[in-house]
Amino acid sequence: MIVAGDIGGTKTHLALFDWKKDRVDPIRLESFHSADYPSLEDMLTEFLVPPKPPMLVEDFVAEKTDNAQPELEHQGEQPLEVNAACFGIAGPVIQNRCHTTNLPWVVDGATLEKRFAIPTVKLLNDLEAMAYGILLLRPDEVEVLNAGSPPAHNQALALIAAGTGLGESILFWNGSRYQPMPSEGGHTDFAPNNDDEIELLRHLRGHYLHVSYERVLSGPGLHAIYDYVRDSKKNEPTWLSEQIKAGDPAAVIAEAGLKGQADIAKQALDLFACIYGAEAGNLALKGMTLNGVYLGGGIAPKLLAKLKDGTFMKSFTNKGRYKRLMNSIPVKVVMNQKTALLGAASVAASLSHTPAAV
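Please read all numbers here as calculations on a predicted model, not as lab measurements. (Residues numbered from 1 in each chain as written. Predicted model: local features only at pLDDT ≥ 70, side-chain atom pairs only at ≥ 80, totals over all residues. Heavy atoms only, no water.)

A. Spatial organisation of the overall build of the protein chain. Helix and strand content of the protein chain: 14 helices and 13 strands. When burial is assessed residue by residue, the protein chain has 48% of its 358 residues classed as buried. Partitioning the contacts of the protein chain with sequence separation of at least 6, the portion at a separation of at least 24 is 68%. (Helix = DSSP H or I, 4+ residues; strand = E, 2+ residues; numbered from the N terminus. Buried < 20%, exposed > 50% of the residue type's maximum accessible area, 1.4 Å probe, protein only. Contact = heavy atoms within 4.5 Å.)

In structure tokens:
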């Protein structure tokens, strides 16, 4: 039995798998609000204790008659026996230890091994886990933005994922399989590509000492782009301002832009898609990822209609003399939101000394 986890600042998904060879569905999958727990150890303690089976009415009556206290019977239950575990974590993993970026947690693989008697616990950067996961996706779990014409022999792949933050990873071919490389590429310097983006950078520099791509290509980044458009164009309708204040700003802006309800929201989405395409193209060039670029994270599936209208790919291929090369690279959107969990499970399966598709 193996345990896999996708640990985010807002939500954590934990799953139990009986993974022998090929990809399988989890035996049990639970989601937790990360901030409700002081540590991953506390969350795992709750998850690994087998759920109490429902009590039949006759059993309950019998226990009441015997003055039993059924709620005490399960206090001594032991956690499930786990052969290996792997967790994808939003933050840098150094020597199997991570200070989480958006949580006050320190996650340490050795500590988890000892606490839960698990022979091997592996920690991965969340994008590294997602990179393993894209290798297991079925054709119906991706949407194609550009079919491209990849070479027949295996070349590198790239993964870029905008969500709460921005993550990036390159998968290189080591001669027998793809090997994901962890990275913190989302924190590299934002490089504007036209006059409008230069003004956006100036606007953001008024709020941040360092303007990274994550400041632009993320949920908060879409809101920041919107604020720039609002301050420069002065075209914000009152109803949209009120909805943004009352709800999730990025979600409200995206919906208004996709439905064509407000020019300011459409302009924000145009700018977001243009910058997203440019940075995806940058990553492809840096890794010569001729076999494909994958767009993961929570934002791309929600903005699929926008990403398909040509704005993204025009920016992706706008690399001067390398435009033809960029047109040959397949670009796909990952639609399975449990891809990072799937990747962590595949790594845990390999650690449990069973053959796994990693």
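B. Highlighting the packing of helix H5 (residues 195-205) against helix H9 (residues 263-287). For the pair H5 and H9, the least separation of the axes is 12 Å and the interaxial angle reads 100°. Put simply, H5 runs roughly perpendicular to H9. Two secondary-structure elements touch here, H5 through Asp196, Glu197 and Leu200 and H9 through Leu271, Cys274 and Ile275. In the contact of H5 with H9, the residues fall into 4 nonpolar, no polar and 2 charged. (Axes fitted to C-alpha atoms, helices over the stretch in contact; angles between N-to-C directions. Parallel < 35°, antiparallel > 145°, perpendicular 65-115°, else oblique. Nonpolar A, V, L, I, M, F, W, Y, C, P; charged D, E, K, R; others polar.)

C. Structural detail: helix H6 (residues 219-233). With 15 residues, H6 extends 21 Å from end C-alpha to end C-alpha; this agrees with the ideal 21 Å at 1.5 Å per step. Here H6 has its buried residues at Gly219, Gly221, Leu222, Ala224, Ile225, Tyr226, Asp227, Tyr228 and Val229. Between the side-chain oxygen at the start of H6 and the backbone nitrogen of Gly221 there is a gap of 2.9 Å, and the oxygen is on Ser218. (Expected span 1.5 Å × (residues − 1). Polar contact = N/O pair within 3.5 Å; in protein donor to acceptor, adjacent residues only side chain to side chain.)

D. Inspection of the pattern of salt bridges at higher detail. A full pass over the atoms with the stated rule returns 14 salt bridges. Between Arg28 and Glu30 there is a salt bridge, with the nearest N and O atoms lying 2.8 Å from each other. With a relative accessible area of 27%, Glu30 lands in the partly exposed category. Here the salt bridges do not stand alone but share partners, grouping Arg23, Arg138, Asp140 and Glu141 into one network. (Salt bridge = Lys/Arg side-chain N within 4 Å of Asp/Glu carboxyl O.)

E. The environment of Glu279, seen in detail. Mapped onto the elements of the fold, Glu279 is located in helix H9. Taking the relative accessible area as the measure of exposure, Glu279 reaches 1% and is therefore buried. For the pair formed by Glu279 and Leu217, sequence separation is 62 residues and the distance between their alpha carbons is 9.2 Å. Residues within four places of Glu279 in sequence aside, it is in contact with Ile160, Glu168, Thr188, Tyr213 and Leu217.

F. Representation of the nonpolar core. Membership of the largest hydrophobic core comes to 55 residues, with the highest contact counts inside it found for Leu295, Phe312 and Phe316. The element best represented in this core is H9, accounting for 11 residues. Not counting the four nearest positions on each side in its chain, Phe312 is found in contact with Leu145, Ala273, Tyr276, Gly277, Ala280, Leu295, Leu307 and Val331. Ala84, Val142, Leu157 and Ala345 belong to the second largest nonpolar core, which has 32 residues in total. (Core = buried A, V, L, I, M, F, W, Y, C linked by side-chain atoms within 4.5 Å.)

G. Structural context of the sheet that holds strand S8 (residues 142-146). Spatially, the 6 strands line up as an open sheet ordered S8-S13-S12-S9-S10-S11, and their pairing is mixed. Lying at the two open borders of the sheet, with one neighbouring strand each, are S8 and strand S11 (178-181). When the angles between neighbouring strand axes are averaged without regard to direction, this sheet yields 25°. Pairing of strand S12 (residues 293-296) with strand S13 (residues 331-334), which is carried by 3 bridges, proceeds in the parallel orientation. The residue of S13 that forms the bridge with Leu295 is Val333. Each of strand S9 (157-162), strand S10 (166-173) and S12 is contacted by H9, which is oriented at about 150° to S9, the strand it contacts most. (Pairing = 2+ DSSP bridges.)

H. A look at the side chain of Glu197. Within the secondary structure layout, Glu197 lies in helix H5. Buried charge without a partner: Glu197 forms no salt bridge, and the closest opposite charge is Lys319, 9.2 Å away. (Lys, Arg positive; Asp, Glu negative; His and termini not counted.)

I. Structural view of helix H8 (residues 249-258). For H8, the full list of buried residues reads Ala250, Val252, Ile253, Ala254, Ala256 and Gly257. The secondary structure elements touched by the buried residues of H8 are H6, helix H7 (238-246) and H9.

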